[in-house]
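# Notes for the structure review
The primary structure of each chain is shown beneath.
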Amino acid sequence: MKQTNLSVFIPHIGCPHRCSFCDQKSISGAAKAPAADEVWELLTQQAEHLNDIGAKAEIAFFGGSFTAIPRGYMTELLEAAARGVRELGAYNGIRCSTRPDCISAEITDILREYGVTAVELGAQSMSDEVLAANERGHTSEDVRRASELIKQSGIRLGLQMMTGLYKDSAEAVMYTAREFIRLAPETVRIYPTVILKGTRLGELYERGEYRSFGFEETVELCAKLLRMFGRNDIAVIRMGLHASAEVERDMLGGVYHPAFRELCESRIMLEDITARLEGLPKGEYTVLTDKRNISRLVGQRRGNIAVLEKAGYKIKVGEQAGAYLEVVPKTEI
Ligand code: SF4
């Protein structure tokens, strides 16, 4: 059974802070807030399609600060979603994203009452210096407190982090990842910073006061994060912003690539094959791997193969079902 999300975008009504990286055009009401009956209509339309393809979806209220929108409006939306889960057969959960300082025991009680199954917190960093420099308006302690409240209520926890914010460092990113692991969320999303026109980061960038991390550095760092979360059984469900013409149009700097995750996975494979080849005589080898790993092993534009060749290893890639990296010397082929 295919599992997916049906996203309902809630613009940032009542968003209490202006974060350095956030595009204010989208906040200031470019998108219309859907009424509860419009959400119901969307759910009924999409249920037909989901039932046709035999998929189930969680109804996902995304857009930033779901629990900070006016209470009456929030509960109307939740009621429409809860009815969708009860009556339409295609939905098996409700999730929302929100700010860490917009969670309380009262809020988690309401969310539970309507059957919310997962809450994602936009934590962005666990460094208080980075949070303050990016005008987040909350601290790392808010993230810890909100995470505990969500978990205690039995709702699944998701955490979102960014890399390369103003005043960020590789150490602060690794600290954020370690703190996330201590909080034991079920899922994580990782977003390298994209510097957009019209934002505070955009101004800093244009004045030459801020540059974010470089592309290579970000791939290396995010590959490490992917490995760390994987080892701790935390699913990384998104890496990098979704491909978007608007982002490409409004981007001044930072890191954006439509296949960012693939690049990180490919970096992990390069590190792993390098470790396996270490100590073996330079020369020709065949590396066998499962079909689904081949493009990651080869790398974008055969980048991994080129790196290995430069190190003295001429690699041919072969297919073997279920294999990760089986190194076979040429003489044994
Ligand atoms: S990132 Fe979230 S909290 Fe910050 S300004 Fe944007 S919508 Fe508001």
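All values reported here derive from a predicted model rather than from experimental measurement.

The parallel open sheet is built from seven strands, whose spatial order is 1-2-3-4-5-6-8. Each having just a single partner strand, strand 1 (2-9) and strand 8 (235-239) make up the two edges of the open sheet. Taking the axes of each pair of neighbouring strands and ignoring which way they run, one obtains an average angle of 25° across the sheet. Each of strand 1 and strand 2 (55-62) is contacted by helix 2 (residues 36-53), which is oriented at about 150° to strand 2, the strand it contacts most.

Where strands meet in a sheet, backbone hydrogen bonds hold them as pairs that are either parallel or antiparallel. Pairing within the open sheet is mixed, and its three strands lie in the order 11-10-12. The open sheet is flanked by strand 11 (313-319) and strand 12 (326-329), the only strands paired with a single partner. The sheet shows a mean angle of 30° between the axes of neighbouring strands, taken without regard to direction. Where strand 10 (residues 283-289) meets strand 11, seven bridges bridge the pair, whose relative direction is parallel. Looking at the pairing, Val-287 lines up with Val-317 of strand 11.

With that settled, the discussion passes to helix 9 (residues 215-231). Between its terminal C-alpha atoms helix 9 stretches 24 Å, which fits the 24 Å expected from 17 residues at 1.5 Å a residue. Tucked inside the fold, the buried residues of helix 9 contact strand 5 (156-163), helix 7 (170-183), strand 6 (187-192), strand 8 and helix 11 (260-277). Immediately beyond the C-terminal end of helix 9, within one or two residues, lies Asp-233, with a positive phi of roughly 55°.

We now examine the nonpolar core. Counting 75 residues, the largest nonpolar core has Ile-59, Val-119 and Cys-222 as the members making the most contacts within it. It is helix 9 that provides the largest number of residues to this core, a total of six residues. In this structure, Val-119 is in contact with Arg-95, Cys-96, Thr-98, Leu-111, Ile-150, Ile-155, Leu-157 and Gly-158, ignoring residues within four places of it in sequence. Counting nine residues, the second largest nonpolar core, distinct from the first, contains Leu-277, Ile-305, Tyr-313 and Ile-315.

Right, let's talk about the packing of helix 11 against helix 13 (residues 303-310) for a bit. Between helix 11 and helix 13, the shortest axis-to-axis distance is 10 Å and the interhelical angle comes to 25°. If you check the angle between helix 11 and helix 13, you find them roughly parallel. The hand of the helix 11/helix 13 crossing is right-handed. Residues Ser-266, Met-269, Leu-270 and Ile-273 of helix 11 pack against Asn-304, Val-307 and Leu-308 of helix 13. Grouping the constituent residues of the contact of helix 11 with helix 13 by class yields five nonpolar, two polar and no charged.

Turning our eyes to something else, we now look at helix 7. For helix 7, built from 14 residues, the straight-helix expectation of 20 Å at 1.5 Å per residue is met to within 8% by its first-to-last C-alpha distance of 20 Å. Within the sequence span of helix 7, burial applies to Val-173, Thr-176, Ala-177 and Phe-180. Around the axis of helix 7, the buried residues are gathered within 95° of arc, so they sit on the same side. When the buried face of helix 7 is taken as reference, the exposed residues oriented beyond 90 degrees from it are Glu-171, Arg-178 and Arg-182. On its buried side, helix 7 packs onto strand 5, strand 6 and helix 9.

Segmentation of the protein into domains returns domain 1 (2-258) and domain 2 (278-332). The distance between the C-alpha centroids of domain 1 and domain 2 comes to 37 Å.

This part takes up unusual backbone geometry. In this structure, Glu-135 takes a positive phi of about 50° despite not being glycine. The exposure class of Glu-135 is partly exposed, given the 14 C-beta atoms found within 10 Å. With phi around 50°, Ala-184 is a residue other than glycine that occupies positive phi space. As for its placement among the helices and strands, Ala-184 is situated in the loop between helix 7 and strand 6.

With that settled, consider the pairing of strand 2. In this sheet, strand 2 lies alongside strand 1 in parallel orientation, the contact comprising eight bridges. Considered in strand 2, the bridge of Thr-4 is made with Ala-57. For strand 2 and strand 3 (residues 91-98), the ladder comprises five bridges, and the chain directions are parallel. Across the sheet, the residue bridging to Glu-58 is Gly-93, located in strand 3.

Each pair of packed helices can be described by the angle between their axes along with the distance between the axes. At a closest axis distance of 8 Å, the pairing of helix 2 and helix 3 (residues 71-87) adopts a crossing angle of 20°. Between helix 2 and helix 3, the interaxial angle falls into the category roughly parallel. When you trace helix 2 past helix 3, the crossing you get is right-handed. Counting all contacts with helix 2, which are made through Ala-36, Val-39, Trp-40 and Leu-43, the residues of helix 3 involved are Glu-76, Leu-77, Glu-79, Ala-80, Ala-81, Arg-83 and Gly-84.

Rules behind the numbers
- Residues numbered from 1 in each chain as written.
- Predicted model: local features only at pLDDT ≥ 70, side-chain atom pairs only at ≥ 80, totals over all residues.
- Pairing = 2+ DSSP bridges.
- Helix = DSSP H or I, 4+ residues; strand = E, 2+ residues; numbered from the N terminus.
- Axes fitted to C-alpha atoms, helices over the stretch in contact; angles between N-to-C directions.
- Contact = placed C-beta atoms within 7 Å.
- Expected span 1.5 Å × (residues − 1).
- Core = buried A, V, L, I, M, F, W, Y, C linked by C-beta atoms within 7 Å.
- Buried ≥ 20, exposed ≤ 12 C-beta atoms within 10 Å, placed from the backbone.
- Parallel < 35°, antiparallel > 145°, perpendicular 65-115°, else oblique.
- Left-handed = near helix turned anticlockwise from the far one by under 90°.
- Nonpolar A, V, L, I, M, F, W, Y, C, P; charged D, E, K, R; others polar.
- Arc of directions from axis to C-beta.
- Domains from an automatic or database assignment.

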